[in-house]
Amino acid sequence: MTPPDPRLLGPLIAQLRLARGWSQQRLAAELCAASGAATVTRHEISRWERQARVPGDRWLRRLALVLDAPAGPLVEAAGRSRHHGPVGAGGSRSRSALLALAQRWVADPHAPLLVAPAAHRSAPAGAPGRSDPGGPAGPGELAELRRLDDLTGGADLAPAGAYRLRRAARALAGAGPAERRRLLPVLAETAQLAGWLYADAGDPTAGLDAYRLGLRAAAAAGDPALAGHVLGSASHLLAGAGDPEGALLLARTAYAGARRSAGPGLRALLLHRVALAAALGGRARSARQALDAARQTAGAVEPGAEPAWLYWLDDTELAAMTGRALVALGRPRPALPLLRAARRGGRPRRAAVYGGWLARGLLQLGEVEQACAVAGAALLDAVRAGSARAATPLVELERRLAAHRTEPAVRRYAALLADARGFLPCGPVTAPSRPPAPGRRGGTAGVAGATRRPGGGTRPTPTG
């Protein structure tokens, strides 16, 4: 996935605005007050952030004034934006669509974001027909799928998540008003879980599409906490896909929109999403501030008081998230005990993910042999888990080890990686179909991660 240039003006304005906790309406009002003219509306701010328009020098100076930002970077970003065109040109449409929807949600959490039920009436190609038994997955089915996700990865579970998401969308399409109110949270939870599984299977585009549907459903259900969780999950996807600027924008949006209704566990999780994205993007101060806030918030977490979809968030996980961010900040020493603790407990993907970060931290300290040993164990866990999320950093670690390629431990790791490549998930999983794309009439046709052959079959499509 090739994201738009994060140095463009639209994302920069949105980041500066969200850093102050302002909505687009608030920024418009501040600009009107600074200029003495009521000529800037929320819609104009939206156009600037989407880069449908680029403000002139006069408004750039006023943006710098009200956002308390230096004018130079804004002027430079404006120049790049005029050359580049609208956000998303040449980049991921799914990413751009989710970013735009997130901005609409945080500006007006009560805006009607969900598409009309008729948009879901046509079943996606490859989906079960009208004889498909049952409605959407109930709480028991979703809980079972979540707990299976603790033991295995998206390569195995993404088709099940896609199937349940289609069932939930189809049930909503035929529901009356009362039933619709009951089904909207089910659709939102199902979409969040399906997006997570798609991302874990190595199909970020399908994951972003599912998260977009989840955000619409959570907003329509009037559940800002669940909407924030959906966006936090999408932020985690972009962070892993090498897009820290997009990840930071989504994480900040999630926290801004959900913090008033979220419990301390969710607030701590979203602050960790902010910290990781900021650290990966080189924003050390923002990352440290988010880590400090997350640490304070986590102290108020009460076991069993958070929503069921946060059952997995415990002290060990929160500590490991801190360790991961510290490694991304280049501070590995205090991170090592936090990451080592997360490798225990019988969850192969968690052991693989945090084992990869532990290996990276050891490498930063010059402990090449230990780093290779830890990475080798994590690689075997990634194979057991069937998780692209866990496997990708371990494949990339080989590049970080290039300066030590003559050392025996590095050669052993390279050989192990070569043997394991055939068992690692490396791209989109072939699932019965992608989730319905929000806003597209008739749902979606085709297979997730596949392109249509003339004869009606499918073949995997490389991504990322």
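Now for a description of the structure that goes with this document. All residue numbers here refer to positions counted from 1 along the written sequence of the relevant chain. A pLDDT threshold of at least 70 governs which residues receive local features in this predicted model, and a stricter bar of 80 or more applies before side-chain atom pairs are shown or counted, although totals over entire chains, interfaces and linings include all residues. Excluded from the side-chain calculation are hydrogens and water; included are all heavy atoms of the structure.

## Topic: the overall build of the protein chain
To qualify as a helix, a DSSP run of H or I must reach at least 4 residues; to qualify as a strand, a run of E must reach at least 2; elements of each kind are numbered from the N terminus. The helix and strand inventory of the protein chain stands at 20 helices and 2 strands. A simple rule labels every residue: compare its accessible area, found with a 1.4 Å probe on the protein chains alone, to the largest value its type can have, and call it buried under 20%, exposed over 50%, or partly exposed in between. Counting every position in the protein chain, which comprises 464 residues, the buried fraction comes to 53%. For the protein chain, the proportion of contacts with a sequence separation of at least 24, taken over those separated by at least 6, is 70%. Exposure was quantified through the Shrake-Rupley algorithm and a 1.4 Å probe, taking into account, for residues, occlusion by the shown protein chains and nothing else. Accessible surface, the protein chain as shown: approximately 19,500 Å² in total, 52% of it carbon and sulfur. Residues are treated as being in contact if the distance between any of their heavy atoms lies within 4.5 Å.

## A look at the side chain of Glu-317
With respect to the element layout, Glu-317 can be found in helix H15 (residues 315-328). By relative accessible area, Glu-317 is classed as buried at 8%. Ignoring any residue separated from it by four or fewer positions in sequence, one finds Glu-317 in contact with Trp-312, Arg-350 and Tyr-354.

## Side note on the layout of surface pockets
In this approach, a probe sized like a water molecule rolls over the atoms, and the result shows the empty space that is left. Here a cavity is any set of points on a 1 Å grid over the protein atoms alone where a 1.4 Å probe fits but cannot get out, and a pocket is any open set with protein on both sides within 12 Å along at least 5 of 7 lines; a residue lines the site when it has an atom within 4 Å of a point. Grid points are joined across faces, edges and corners, and a volume is the space filled by probe spheres set on the points. Empty space within the second largest pocket amounts to approximately 690 Å³. The wall of the second largest pocket is formed by 27 residues, among which Gln-15, Ala-19, Arg-252, Arg-283 and Ser-286 lie closest to the centre. Broken down by secondary-structure element, the contributors of at least two residues to the lining of the second largest pocket are helix H1 (9-19), helix H5 (71-84), helix H12 (244-258), helix H13 (264-280) and helix H14 (284-298). Top element by residues in the lining of the second largest pocket is H1. It accounts for 5 residues. For the lining of the second largest pocket, a count of residues per class yields 16 nonpolar, 4 polar and 7 charged. Charged residues are taken to be Asp, Glu, Lys and Arg, nonpolar residues to be Ala, Val, Leu, Ile, Met, Phe, Trp, Tyr, Cys and Pro, and polar residues to be all remaining types, Gly included.

## Quick look at the environment of Gln-51
Relative to the helices and strands, Gln-51 is located in the loop between helix H3 (42-50) and helix H4 (57-66). Separated by 27 residues in the primary sequence, Gln-51 and Ala-78 place their C-alpha atoms 9.5 Å from one another.

## What about the pattern of salt bridges?
What makes a salt bridge here is a side-chain nitrogen of Lys or Arg within 4 Å of a carboxyl oxygen of Asp or Glu, nothing more. For the structure shown, the criterion picks out 17 salt bridges. One salt bridge connects Arg-95 with Asp-243, and the closest N-O pair in it is separated by 2.4 Å. One end of the pair, Arg-95, is in helix H6 (residues 93-107); the other, Asp-243, is in the loop between helix H11 (224-240) and H12, with 148 residues separating them in the sequence. A residue is classified by how much of its surface remains accessible, and Arg-95, at 6% relative accessible area, is buried. For Arg-384, the salt bridge is made with Asp-381, and the minimal N-O distance between the two is 2.9 Å. Of the two residues, Arg-384 and Asp-381 both sit in helix H18 (residues 368-385), 3 residues apart, roughly one turn of that helix. By relative accessible area, which is 55% here, Arg-384 ends up exposed. Shared partners join several salt bridges into a network, and the residues in it are Asp-149, Asp-200, Arg-349 and Arg-389.

Purely spatial values, then, with no claim about function.
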